[in-house]
Amino acid sequence: MMEVFKAVTCPVCACLCDDLEVTVDKGKIVDVKNGCAFSKSKLLNYNGKQRVLKPLIRKGNDFAEVSYDEAVKQAAKLLTEANYPLFYGWSMTSCEAIRVGIELAEEIGGVIDTTSTICHGPSTLGIQDVGLVSSTLGQVRHRADLIIYWGSNPLIAHPRHMERYTVFSKGRFQEKRKLVVVDVRETETAKKADLFIRIEPNKDFEVLQALRVLIRDDELDVEKVAGIPVATLEKLAEMMVECKFGALFFGSGLTMTEGKNRNVDAAISLIRDLNRITKFIIMPMRGHFNVTGADMVFTWQTGFPYAVDFSMGYPRYNPGETSAIDILLRQESDAALVVASDPVATLPRKAAEHLVKNPLIVVDPHMSATAKLADIVLPSTFVGIEAKGTAYRMDNVPLPLKKIVEPPTGILSDEDILSKILFEVRRLKENAS
Amino acid sequence: MELIIRNGFVFDPLNKVEGEKMDVFVKDGKIVEKVDECKAKVIDASGMMVLPGGVDLHCHIAGSEVNAGRLLRPEDHFKNFERKTRVTRSGSGHSVPSTFTTGYRYARMGYTTIMNPAMPPLEAKHTHDELNDTPMVDKGSYTLLTDWWFILECLENGKIEECVRYAAWILKATKGYAIKIVNPGGIEAWGFGRNVQSLDDPVPYFNVTPREIIRALCKVNNWLGLPHTIHLHTNNLGKPGNYITTLETMKCVEDLALKDKPVIHITHCQFSSFKGSNWRNLRSGAEEIARYVNNHSHVTLDMGQVIFTNTTTMTADAPFQFTLHQLTGNKWMNHDVETETSSGIVPFRYKRKNFVHAMQWSIGLELALLVDNPWKIFLTTDHPNAGPFTAYPRIISWLVSRKARESTFKKISLKAQRKSLLPSITRELTLYEITIMTRSGQAKVLGLKNKGHLGVGADADVAIYNLNPEAIDPSKDYKEVRKAFRNAVYTIKNGEIVVKNGEITKHVNGATLWVNLQTSEQKLFNEKLKEKFRDYWTVEYENYAVEENRLKISNPINVEAKI
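Residues numbered from 1 in each chain as written. Chains lettered and ligands numbered in written order. Predicted model: local features only at pLDDT ≥ 70, side-chain atom pairs only at ≥ 80, totals over all residues.

Draft legend 1. A look at the overall build of chain A. Tallying secondary structure elements over chain A gives 18 helices and 22 strands in all. Here chain A has a C-alpha radius of gyration of 23 Å; the compact-globule value for 433 residues is 22 Å, and the two agree. Viewed in the frame of its principal axes, chain A has a C-alpha envelope of about 70 × 55 × 35 Å. By residue count, 59% of the 433 residues in chain A fall in the buried class. Taking the contacts inside chain A whose residues are at least 6 apart along the sequence as the reference set, 68% of them involve residues at least 24 apart. (Helix = DSSP H or I, 4+ residues; strand = E, 2+ residues; numbered from the N terminus. Rg over C-alpha atoms; globule rule 2.2 N^0.38 Å. Buried ≥ 20, exposed ≤ 12 C-beta atoms within 10 Å, placed from the backbone. Contact = placed C-beta atoms within 7 Å.)

Rendered as structure tokens:
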């Protein structure tokens, strides 16, 4: 029996396109309409050879298959015995699971951090310094006549961003828009641009500050900034000042190059200044499908968006001190629970080394690089495919993730696994007192 | 569970009980006539005040805008945190506390029902998820309908009935409690960085005026028979001279009044009662506003009382927030929501010695004291805009005691002292009037039949304060009053003791209140809406609505709508 699911939200990137049509035949996804290449690839191939189908506990160099109860018991024991455990990941699971994760970290008194820490964390710091002038993506679609992508390559990284929300979309007030790309290399997106500005690497800050000068009609006493003739920047400044509604999207090309949060600070300040003249918004191009949701839940439950330390019994936030990489590099954590992310593949080597040296519990559908080095692996379902939940789009719009097929027999969701661990932790603590 | 609250001085204005010494009986979450005295737990309330649980009809506590405020202000949270205890979750924040902390702080003050006044429909799921995480209180949220394109387009074509259908659909889809109007016309104009200046200023690209929007939504509200009135944040809010706009706004729906029932609520009225033409010659318009309100029965107000502290301003009135950012140079957040609304956030410090801030402080109190009838004006700070809700006990002390006002008055800007109307006002509110302004009146205007009173059948939401109205004189002992209202001796929620001596003893969840409109089947209408959906929004029709099972505890108020 073929069944078609409409309005399915795509669990890949933070565009969260929610117009997918997914055909399921005998409990298997056989077709995906409207999705990009990423979307199709994930939805059609998620259930591959790397799937873990039984909870695993390390025995020497091998894993032994155990029951969930056994794995949960061991995991709870490791976490309660630790002094300063780290709870890391969260950007590829549902808000419902994240809520339990925060409660667990609080109960144990550990530190909880998301993948923002290695991605748009600096954006958050920039926002906390100067604010953020933004909107939902539909506002851009309806009104923007100037689109700027800065250090971001949506044609490759967020394939439907331009089609759904910006250059190739149609809105109430605008159909024609100009596209500007600022990057260090000529990306696929840059090839489509009306104006491409290729700047020298690590010089974003200088260019942004130069633009802040130029939009005020002030003069620059140099000929070039970051290898760009001032005349080119003047042209861009003029486009910015003269548009009716501009939108600047920035990626990790801005947040993770020299200057980091200072770059974001400068970019936001530029947009803020532009609002004295015209209407302009700025938005980070968030990556994983629910990294925005993680920020949201963290913020409403604790007051802080990531890098939250509960070791004193209340939420503390000091990125650089309470952020995952810094804790690992200082070798302070003595256990870790990793959910919905693969830090061994993404963190600096020294940090990853400390992570795997200590007891490590991984909740993941896959045998990821981190899972391979873990002490306990708790297999979970794919949220948005085999489990439902909520995720937030990069512009803070919440969308439902659907359950379209059954998970493999007996496999639990992140939310359920974390709830079981939390329950067991409370039981252990009660017994101890 | 059964409870007897013995020997307290009961204040229950809706049942005309004024400080009578009597017992209150509680069973299965309701106030009852009698309980089994052998089985019931007895609370000795002798020498104490027994009040219905507090009701707050306007506090920004949940949703995308509030959360953006939290994100923006780590400096607001660093020194203001709450530890996890055996029964409570941890949290942080002075002016924008995290969700659990918000619930606990309200409960400690004896509040049991609170309303979040600004919910962008597209982000309603977010608001409800945060309300789910706001414990201890019943809560609801008003749906922002002002400049939604569907409404504006209907008005352009004079189709009021269609307006009613759209409003009914979106209230249900967002699980909203009331219709919220913010700077009508101004929000749409802000889409291209502009604003509107008066009730008759046309909205750019739409052939309608703010006056038409207000009148239409007031008619819609009457048509649907919603429990609350339209809840309105005026045009020109925060601008000198705006009291004229406020008067015109109240006047413009005069003919829509339903007998003696109010049809419009002007919220945080302090911000809309400015006289003068610039900041230097700012004066109070409280007298004119109060005079109008005293002579008309179709309008209610809440104060929006300024507190001298560091706080976070946040409203859907994004053009106003931009002005505030320019005025202060403080960091600024803006978030426009496609086809619907916008919002802005700016941190702000109200200073005693600043002339304008001191005038604002004075205007709020003037309004509360000059409006004769306490059923028409309610105690709020427009949390956190004019100050955090935790300052309510301080406001109560200013209202009941001239001496308390004078002690603050001495410290404010000298110029404001000369211009303030406060010295000429001798009125001191009674504790009975305070009970009306902080619970009974608010419950009444919200149309919450089981809240705000202690009659048989009411929800057993009760606050007990350590204040003996026979032994103290609030006018002199205002510090005692303040202290008592800061921490309830007992807060009872749904018949359970949840706070004792200002400490949370039990974490309970509280229900989400929403208006469940019963309409005839709207098949054709829904099909039409579905067709248009992708042209207006960037999400699918199927993914827009808030399902009822998203609410942790759902408490629908069923309303028969005549469509």
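Draft legend 2. Structural view of the pairing of strand E21 (residues 462-465) of chain B. Residue and element names in this part refer to chain B. Going residue by residue along E21, you find Val462 and Ile464 tucked away on one face and Ala463 and Tyr465 tucked away on the opposite face as well. Pairing geometry for strand E5 (residues 49-52) and E21, over four bridges, is antiparallel. Considered in E21, the bridge of Leu51 is made with Ala463. Looking at chain direction, E21 and strand E22 (residues 490-493) are connected through three bridges and run antiparallel. The residue of E22 that forms the bridge with Ile464 is Tyr490. (Pairing = 2+ DSSP bridges.)

Draft legend 3. Structural detail: the sheet that holds strand E6 (residues 86-89) of chain A. Residue and element names in this part refer to chain A. Taken in spatial order, the nine strands make up an open sheet running E5-E4-E20-E19-E18-E6-E7-E16-E17, and their pairing is mixed. Of all strands in the sheet, those with a lone pairing partner are strand E5 (62-65) and strand E17 (316-317), marking the two edges. Bridging between strand E16 (residues 308-309) and E17 involves two bridges; their strand directions are antiparallel. Following the sheet pairing, Val308 is matched in E17 by Tyr317.

Draft legend 4. Structural view of the packing of helix H5 (residues 149-156) of chain B against helix H6 (residues 160-174) of chain B. Residues and elements named next belong to chain B. Running from N to C, H5 and H6 point in directions that differ by 170°, and their axes come no closer than 8 Å. In this view, H5 runs roughly antiparallel relative to H6, as classed from their interaxial angle. Each of Phe150, Ile151, Cys154 and Leu155 in H5 lies in contact with H6, whose residues at this interface are Glu162, Cys163 and Tyr166. When its residues are assigned to classes, the contact of H5 with H6 shows six nonpolar, no polar and one charged. (Axes fitted to C-alpha atoms, helices over the stretch in contact; angles between N-to-C directions. Parallel < 35°, antiparallel > 145°, perpendicular 65-115°, else oblique. Nonpolar A, V, L, I, M, F, W, Y, C, P; charged D, E, K, R; others polar.)

Draft legend 5. Fine view of unusual backbone geometry. Put simply, His383(B) and Pro384(B) share a cis peptide bond, and its omega is -5°. Tracing the sequence through the fold places Pro384(B) in the loop between strand E20 (377-378) and helix H13 (392-400). With a phi angle near 50°, Ala226(A) is a residue other than glycine that sits in the positive phi range. Here Ala226(A) lies in the loop between strand E12 (224-225) and strand E13 (228-229).

Draft legend 6. Structural view of the environment of Arg172(A). Position of Arg172(A) relative to the elements: it lies in the loop between helix H7 (161-164) and strand E10 (178-183). Between the alpha carbons of Arg172(A) and Gly121(A) there is a distance of 34 Å; along the sequence they are 51 residues apart.

Draft legend 7. Geometry of the domain arrangement of chain A. Residues and elements named next belong to chain A. As far as domains go, chain A holds domain 1 (2-45), domain 2 (56-118 + 289-432) and domain 3 (121-284). Each of domain 2 and domain 3 was reduced to a C-alpha centroid, and the two centroids are 34 Å apart. Listed by partner, the interface residues are eight residues for domain 2 and seven residues for domain 3. The class makeup of the residues in the side of domain 2 that touches domain 3 is five nonpolar, two polar and one charged. (Domains from an automatic or database assignment.)

Draft legend 8. Up close: the sheet that holds strand E17 (residues 310-315) of chain B. Taking strand neighbours across the sheet as the criterion, the four strands line up as E8(A)-E18(B)-E19(B)-E17(B) in an open arrangement whose pairing is mixed. One side of each edge strand has no neighbouring strand; the edge strands of this open sheet are strand E8 (131-135) of chain A together with E17 of chain B. Direction aside, the axes of adjacent strands within the sheet are offset by 20° on average. Direction of pairing for E8(A) relative to strand E18 (residues 332-336) of chain B: parallel, over a ladder of five bridges. In the strand pairing of E18(B), Val133(A) is matched with Asn334(B).

Draft legend 9. Representation of the interface of chain A and chain B within the structure. On the chain B side, the residues contacting the 50 residues of chain A number 45 residues. Elements with a contribution of two residues or more to the side of chain A that touches chain B: strand E1 (2-8), helix H3 (95-108), helix H4 (121-130), E8, helix H5 (137-143), helix H13 (291-302) and strand E22 (398-401) of chain A. For the side of chain A that touches chain B, the leading source of residues is H5(A), giving six residues. In terms of residue class, the side of chain A that touches chain B is made up of 21 nonpolar, 18 polar and 11 charged.

Draft legend 10. How the structure looks around helix H9 (residues 243-251) of chain B. Residue and element names in this part refer to chain B. Taken together, the buried positions of H9 are occupied by Tyr243, Thr245, Thr246, Thr249 and Met250. The buried residues of H9 occupy an angular sector of 155° when the element is viewed end-on, so they sit on one face. In this structure, the buried residues of H9 make contact with helix H8 (210-224), strand E12 (230-233), strand E13 (264-266), strand E14 (274-275), helix H10 (286-295) and strand E16 (299-302). (Arc of directions from axis to C-beta.)

Draft legend 11. Geometry of the nonpolar core. Counting 322 residues, the largest nonpolar core has Ala267(A), Val50(B), Ala167(B), Leu367(B), Ile464(B) and Tyr465(B) as the members making the most contacts within it. When residues of this core are assigned to their parent elements, the largest contribution, nine residues, is made by helix H12 (residues 355-370) of chain B. Dropping the residues within four chain positions of it, Ala167(B) is found in contact with Leu145(B), Ile179(B), Val220(B) and Leu224(B). (Core = buried A, V, L, I, M, F, W, Y, C linked by C-beta atoms within 7 Å.)

Draft legend 12. Here's a closer look at the pairing of strand E18 (residues 336-339) of chain A. Residue and element names in this part refer to chain A. Residues Ala336 and Val338 point to one face of E18 and Leu337 and Val339 to the other, with burial holding for every one of them. When E6 meets E18, the two strands line up parallel, connected through four bridges. Bridge pairing in E18 places Leu86 opposite Ala336. Where E18 lies against strand E19 (residues 360-363), four bridges are found, and the strand directions are parallel.

Draft legend 13. Region of the structure containing H13(B). With respect to burial, H13(B) is a largely interior element, eight of its nine residues being buried. Residues of H13(B) that are buried make contact with H12, helix H14 (402-409), helix H16 (431-446) and helix H17 (478-486) of chain B.

Draft legend 14. A look at the packing of H4(A) against helix H12 (residues 261-274) of chain A. All names here are of chain A. Here H4 crosses H12 at 50°, and the two axes come no closer than 8 Å. With respect to H12, the axis of H4 lies oblique. Relative to H12, H4 is oriented so that their crossing is right-handed. Residues Pro122, Ser123, Leu125, Gly126, Ile127, Asp129 and Val130 of H4 form the contact with H12, whose participating residues are Asn261, Val264, Asp265, Ile268, Ser269 and Arg272. Residue composition of the contact of H4 with H12, grouped by class: six nonpolar, four polar and three charged. (Left-handed = near helix turned anticlockwise from the far one by under 90°.)

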